[in-house]
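# Per-entry structural report
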Amino acid sequence: MASPKVAVVGAGVIGLSTALCITETCPSCSVTVLSDQFSPNTTSDVAAGMLIPHIYPDTPIHRQKQWFKETFTYLFAISNSAEASEAGIHLVSGWQVFKSTPKEELPFWSDIVLGFRPMTESELQKFPQHQFGQAFTTLKCDSPPYLLWLEKRLKATGTEMYTRKVADLWELHSEYDIVVNCTGMGARPLVGDKQLFPVRGQVLKVHAPWLKHFIRDGDGLTYIYPGIHRVTLGGTREKGSWSLSPDAGTTRDIFDRCCSLEPSLQGAQDIEVKVGLRPSRQCVRVQREVLSQGGVKLPVVHNYGHGAGGFSVHRGTANEAAHLVGECISALQGSSLRAKL
Amino acid sequence: MRVAIIGAGVIGLSSALCIHEQFHSLVPSLELEVYADHFTPHTTSDGAAGLWQPYLSDHGNLQETLWNKETFDYLLGHLHSPAAKEMGLFLISGYNLFTEPVPDPSWKNIVLGFRNLTPKELELFPGYSYGWFNTALMLEGRSYLPWLTNRLTQKGVKFFHKKVESFQEVSGDGVDVVLNCSGLRSGDLQPDPELQPGRGQIIKVLAPWVKHFIITHDLKSGIYNSPYVIPGSQFTVLGGIYQHGNWSEENSAKDHKSIWDSCCRLLPALQKAKIVGEWSGLRPARPSVRLERESIRLGNGQAEVIHNYGHGGFGITIHWGCAAAAARLFGSILQEKKQLATPPGPRL
């Protein structure tokens with residue numbers, strides 16, 4: 001197989017980063033990205049892009065740690081380079097605060113982020129309703145800039161990108177040798193995965209350029225994440241809700257909760273409301289599958305179900321998916337050899 | 001009781017405010033007048049980035065460390081007030097970088113979360129092998145000075161735009177106390193060979209992805225002669241110039257190149273930053289701050305002068321502690337003039 005043709009379905013952070021990894025590990029592959037939405041209209045564009053992992057109950061911790069570490073290392077190098085501003089990647093320090101001391105004071109990622117330590121008494125005075133906190137420095141990937149940067153890197157490798165709604169993976173079998181499914185919430189209709197469910201998140205993006213720190217309540221519901229131009233205020237975790245329409249009452253509630261963490265937000269301007277559906281699953285599905293229909297086989301690599309943690313593990317899962325694509329290619333080459341014999 | 005304040009930088013305005021707050025109800029006749037040749041946004045304080053951070057060493061000047069602490073605590077107390085944004089006040093964290101281990105600074109327990117840098121953090125800064133991380137405050141002159149001015153105006157303080165040539169000029173005609181907050185130009189009012197310009201130059205850029213201050217130190221070159229990057233609320237300040245004795249307020253192309261090259265080496269992403277301004281200013285440098293009373297013979301009378309100048313590159317850092325100290329000196333003048341009730345007890 002001289003030049004395997006790989007279709008990556010989905011152009012959020014997972015689709016684009018997976019496509020990029022495939023071009024890196026398989027330079028002879030011809031990669032095409034197909035998606036009904038591109039930045040700035042993907043779920044990834046709503047997310048703040050903070051590198052603070054979400055815990056997947058059914059994925060082994062060492063695997064989650066490996067994914068996070070690879071992602072952090074990759075982005076750390078870019079943040080330190082001349083491309084940082086174009087890629088939308090920057091370091092940000094801040095605090096995760098808890099109303100009551102958590103059972104686990106040291107999360108699995110504490111040695112991957114920078115300078116992780118418990119907050120001092122005087123630091124906690126800034127948060128009178130909170131008893132305990134952690135201070136650290138991590139990375140943030142601003143979208144759209146990060147997605148646009150990934151698209152630019154892809155174009156430079158000759159990868160083509162098309163707006164196309166794929167209703168059935170089999171549509172692609174005549175044009176492509178391997179299909180990579182990075183459709184996020186779209187995997188539910190596309191491959192019928194009932195383990196995948198939306199967790200609706202509403203956020204506000206505001207202008208508050210004096211805010212230089214992130215603040216996150218350990219309950220994961222209230223957070224303030226300063227990006228390059230806007231600060232993301234969140235949020236909600238509405239399991240099973242499919243609504244993409246902003247809710248005014250929710251907006252008020254998010255704003256109030258964030259102002260109680262950071263009073264200066266009262267002066268924030270230009271409030272923009274956005275909604276995204278986190279493609280949630282008990283474990284991220286990074287897996288090979290060979291679909292079979294009427295004697296025809298279609299190798300598929302799945303990479304979806306990252307829920308609230310897409311940015312935190314994207315590069316790690318993209319690497320793994322690219323590796324699986326490599327396995328698919330070997331299998332195809334093996335079987336085509338056998339066919340020749 | 002008329003008080004003339006010479007100088008409308010951070011020192012003059014904050015001293016005026018402190019005195020008004022403490023004494024206006026005790027001295028109903030109190031009238032404050034601010035005289036200056038430059039007002040915001042044209043003062044030295046306006047050009048400063050606004051980072052609260054003293055020098056590395058206080059040279060045993062414990063009093064200055066206490067004033068720094070008083071300022072930090074005062075500002076921290078205002079952080080959650082509705083005025084914070086208008087004041088230009090916000091928290092900021094960042095890095096101090098060295099090429100060798102150094103003793104902890106006098107202010108390590110004043111700032112929040114002071115710690116040494118981890119090896120991984122140092123990877124961000126090739127060439128530097130040691131450093132600190134801490135959370136401090138920004139107080140942007142461009143916002144703080146107008147805020148102080150508004151507060152003073154509301155309180156009936158009058159402002160006069162003129163270059164004061166002598167203490168005599170303001171103290172005649174019924175002015176009882178003069179506050180000398182004239183910064184570097186104090187030498188024009190009264191010779192002070194210890195007061196020298198510490199010339200600085202800065203480049204203002206748009207680099208909103210930078211969320212931390214980064215201050216490098218070259219112990220051989222001295223303070224602020226090594227690149228620094230300080231992100232403000234509207235633009236980021238790049239600097240690294242301290243020229244003792246240089247009175248020029250013109251931007252120097254050589255200094256520009258030095259700042260630009262060294263800051264871009266420190267933070268490669270800055271290469272893409274858009275330059276939006278450049279400024280040179282003269283830090284009013286002195287071996288120690290001059291904060292003291294002086295009775296000056298003038299014509300047929302005598303004027304009480306409170307000197308409050310010579311804050312070098314740490315004016316914003318120390319301003320409130322000094323303003324409070326100046327107010328205490330003012331209080332003692334009032335007691336002597338029997339403007340304040342003396343405390344109970346036998347009179348001498």
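Residues numbered from 1 in each chain as written. Chains lettered and ligands numbered in written order. Predicted model: local features only at pLDDT ≥ 70, side-chain atom pairs only at ≥ 80, totals over all residues. Heavy atoms only, no water.

## Description of the side chain of His130 of chain A
Along the chain, the position of His130 of chain A falls in the loop between helix H5 (121–124) and strand E5 (132–141). Setting aside chain neighbours within four positions, we find His130 of chain A in contact with Val97, Phe98, Lys99, Leu124, Asp217 and Leu261 of chain A. (Helix = DSSP H or I, 4+ residues; strand = E, 2+ residues; numbered from the N terminus. Contact = heavy atoms within 4.5 Å.)

## Looking at the packing of helix H1 (residues 10–23) of chain B against helix H6 (residues 141–154) of chain B
Residue and element names in this part refer to chain B. Viewed as axis vectors pointing N to C, H1 and H6 meet at an angle of 35°, and their least axial separation amounts to 10 Å. Between H1 and H6 lies a crossing whose hand is left-handed. Of H6, the residues touching H1 (which contributes Val10, Leu13, Ser14, Ala16, Leu17 and Glu21) are Tyr144, Leu145, Trp147, Leu148, Thr149, Arg151 and Leu152. Looking at the contact of H1 with H6 residue by residue, the classes come out as 9 nonpolar, 2 polar and 2 charged. (Axes fitted to C-alpha atoms, helices over the stretch in contact; angles between N-to-C directions. Left-handed = near helix turned anticlockwise from the far one by under 90°. Nonpolar A, V, L, I, M, F, W, Y, C, P; charged D, E, K, R; others polar.)

## Some words on the interface of chain B and chain A
How big an interface is tends to be expressed through the accessible area that disappears when the partners come together. With 28 residues of chain B at the contact, the number on the chain A side is 35 residues. Applying the counting criterion to the chain B and chain A interface returns 0 salt bridges. Those elements that provide at least two residues to the side of chain B that touches chain A are strand E3 (89–98), strand E4 (112–116), helix H5 (119–122) and strand E5 (130–139) of chain B. The element contributing the most residues to the side of chain B that touches chain A is E3 of chain B, with 5 residues. For the side of chain B that touches chain A, a count of residues per class yields 12 nonpolar, 9 polar and 7 charged. (Salt bridge = Lys/Arg side-chain N within 4 Å of Asp/Glu carboxyl O.)

## So, the confidence of the model for chain B
Considering every residue of chain B, the mean pLDDT works out to 94; 97% of them sit at 70 or more. For this predicted complex, the interface score ipTM comes out at 0.94, while the overall pTM is 0.94. (pLDDT = per-residue confidence, 0-100.)

## A word on the packing of helix H1 (residues 13–25) of chain A against helix H6 (residues 145–156) of chain A
All names here are of chain A. For the pair H1 and H6, interaxial distance at closest approach is 10 Å and the crossing angle is 30°. The angle between H1 and H6 falls in the class roughly parallel. When you trace H1 past H6, the crossing you get is left-handed. Residues Val13, Leu16, Ser17, Ala19, Leu20, Thr23 and Glu24 of H1 touch H6, and the partners they reach there are Tyr146, Leu147, Leu150, Glu151, Arg153 and Leu154. (Parallel < 35°, antiparallel > 145°, perpendicular 65-115°, else oblique.)

## Some thoughts on H1 of chain B
Residues and elements named next belong to chain B. The end-to-end C-alpha distance of H1, which contains 14 residues, comes to 20 Å, matching closely the 20 Å that a straight helix rising 1.5 Å per residue would cover. Judged by how many residues are buried, H1 sits mostly within the fold: 12 of 14 residues are covered. Restricting attention to buried positions, one finds in H1 the residues Val10, Ile11, Gly12, Leu13, Ser14, Ser15, Ala16, Leu17, Cys18, Ile19, His20 and Phe23. (Expected span 1.5 Å × (residues − 1). Buried < 20%, exposed > 50% of the residue type's maximum accessible area, 1.4 Å probe, protein only.)

## With respect to the UniProt feature "binding site: D-serine" (unreviewed entry) in chain B
Residue and element names in this part refer to chain B. As recorded in UniProt, the sites labelled "binding site: D-serine" (unreviewed entry) are Tyr228, Arg283 and Gly313. Mapped onto the secondary structure, Arg283 falls in strand E13 (residues 274–285). Once residues within four sequence positions are removed from consideration, Arg283 is found in contact with Leu184, Gln196, Pro197, Gly198, Arg199, Gly200, Tyr224, Tyr228, Ile241, Tyr242, Gly312 and Gly313. One can find Gly313 in the loop between strand E15 (301–309) and helix H10 (315–336). We classify Gly313 as partly exposed; its relative accessible area is 28%. Gly313 has contacts with Tyr55, Tyr224 and Arg283, leaving out every residue within four places of it along the chain. (UniProt positions renumbered as here; feature names shortened; annotations may be inferred.)

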